[in-house]
Amino acid sequence: MVAIETMATIAEQQQDFSILPELPADVFTAPLKKPAHVGDDWLEPKQTEYTSDDDAIWNDLFARQMEVLPGRAASAFMAGLQKLNLNRGGVPEFRKLSEDLGALTGWSVVPVPMLIPDHVFFWHLANRRFPAGNFIRTRETFDYIQEPDVFHDVFGHVPMLTDPVYADYMQEYGRAGWKAMRYNHLKALGALYWYTVEFGLIEEAPGDIRAYGAGILSGPTEAVFSVEADSPNRIMLNVDRVMRTDYVIDDLQPTYFVIESFEDLYRQTVERDFDRLYRSLGPSFTYANSAVIDVDDVLHRGTQEYWLRGGRGSGATPI
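Only a predicted model underlies this, so the values are computations on that prediction, with no experimental measurement involved.

Participant: Before we go on, may I ask you to explain the UniProt feature "binding site: Fe cation" (unreviewed entry) in the protein in this structure?
Facilitator: The sites that carry the UniProt feature "binding site: Fe cation" (unreviewed entry) are, in the present numbering, His152, His157 and Glu198. Maximum C-alpha separation among the annotated residues is 10.1 Å over a sequence range of 47 residues, consistent with a single clustered spot. The residue His152 is located in helix H5 (residues 150-157) in this model. Setting aside anything within four residues of it in sequence, one finds His152 in contact with Arg137, His157, Glu198, Ala214, Gly215 and Ser218. Polar side-chain contacts of His152 include one of 3.4 Å to the side chain of Glu198. With respect to the helices and strands, His157 occurs in helix H5. Accessibility expressed as a relative area gives 4% for His157, which makes it buried. Leave out the neighbours within four places in its chain, and His157 touches Phe130, His152, Tyr193, Val197, Glu198 and Ala214. Here the side chain of His157 touches His152 through a polar contact of 3.3 Å, side chain to side chain.

Next comes the structure, spelled out in structure tokens:
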């Protein structure tokens, strides 16, 4: 495990996260209407009592992913599934899940009603709490759901939190969010989250690229596409470059960024001087999501055929 005490500049060392810090008035965040039944922490009073039909949806989603993930998902993710016994059937009970996860890395899983404000999300991560959607998709939205549900959040994200270094990275990302807000560069930090936590790849051995990002691991098409298809670029992670790169929110990614190890991810982010980086960033992204630039360490330069044919909306085959 990388020692937390040696971490430098991604986090605000003096920030007090024991209570929800006050959001500065000059910080720009997306406006979200808070449901009346939750407090400022946006936590649900209790986890949803899922029906047998809900549990069946979870089980079917789980079974579908397990047909494609072996050999394509990061070893740490597959090990996390086993450590948390996520194959026991039905939507996991958060209390038991938090007990098991807490014993491994000190994290817990807490229910939230919907997407929550950035500053609240960062605060929960900084306290080693992972907010998970307190609902599950329907049969009608089985293949694609815009807002992350309990399957995406728990199946996709939580197994990775059993890895000690990755678990520390996620806590530091939460602490880093407050610095990004003060610079009004949430979009840039969001790109880092997108290309690592949601759609990150790892090279576990030469030529053996696997997925650790939850957006990949919770969907069957992208689990194959991200590591095997000819269309997307696969480029070694460079934090400065990633935070200047646009991304796709409703289709497969034109570019994936690859890490050498979770220790490598930790070093590249936690030890980076983000104050200097934020001062150099413009108000918008510099690079298109399909770009390959001269500083890139390219593992695979994609054909971009899937997107040239029109992507998801056109019915293009993800190849």
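Participant: Where do I start with the sheet that holds strand S3 (residues 201-205) in this structure?
Facilitator: Remark on secondary structure: sheet strands pair via backbone hydrogen bonds, oriented parallel or antiparallel. Read across the sheet, five strands follow the order S4-S3-S6-S5-S7 without closing on themselves; strand pairing throughout is mixed. Here the strands that pair on one side only, and so sit at the sheet edges, are strand S4 (208-211) and strand S7 (298-300). With strand direction ignored, the average angle separating the axes of adjacent strands in the sheet is 35°.

Participant: Which parts of the structure should I look at to understand the packing of helix H4 (residues 118-126) against helix H6 (residues 164-182)?
Facilitator: A packed helix pair is summarised by two numbers, namely the angle formed by the two axes and the spacing between the axes. Running from N to C, H4 and H6 cross one another at 145°; their axes reach a closest spacing of 7 Å. For H4 against H6, the interelement crossing comes out left-handed. Here His119, Phe122, Trp123, Leu125 and Ala126 of H4 lie close against H6, whose contacting residues are Met170, Gln171, Tyr173, Gly174, Arg175, Gly177, Trp178 and Met181. Its residues assigned to classes, the contact of H4 with H6 comprises eight nonpolar, four polar and one charged.

Reading guide: rules and limits
- Residues numbered from 1 in each chain as written.
- Predicted model: local features only at pLDDT ≥ 70, side-chain atom pairs only at ≥ 80, totals over all residues.
- Heavy atoms only, no water.
- UniProt positions renumbered as here; feature names shortened; annotations may be inferred.
- Helix = DSSP H or I, 4+ residues; strand = E, 2+ residues; numbered from the N terminus.
- Contact = heavy atoms within 4.5 Å.
- Polar contact = N/O pair within 3.5 Å; in protein donor to acceptor, adjacent residues only side chain to side chain.
- Buried < 20%, exposed > 50% of the residue type's maximum accessible area, 1.4 Å probe, protein only.
- Pairing = 2+ DSSP bridges.
- Axes fitted to C-alpha atoms, helices over the stretch in contact; angles between N-to-C directions.
- Left-handed = near helix turned anticlockwise from the far one by under 90°.
- Nonpolar A, V, L, I, M, F, W, Y, C, P; charged D, E, K, R; others polar.

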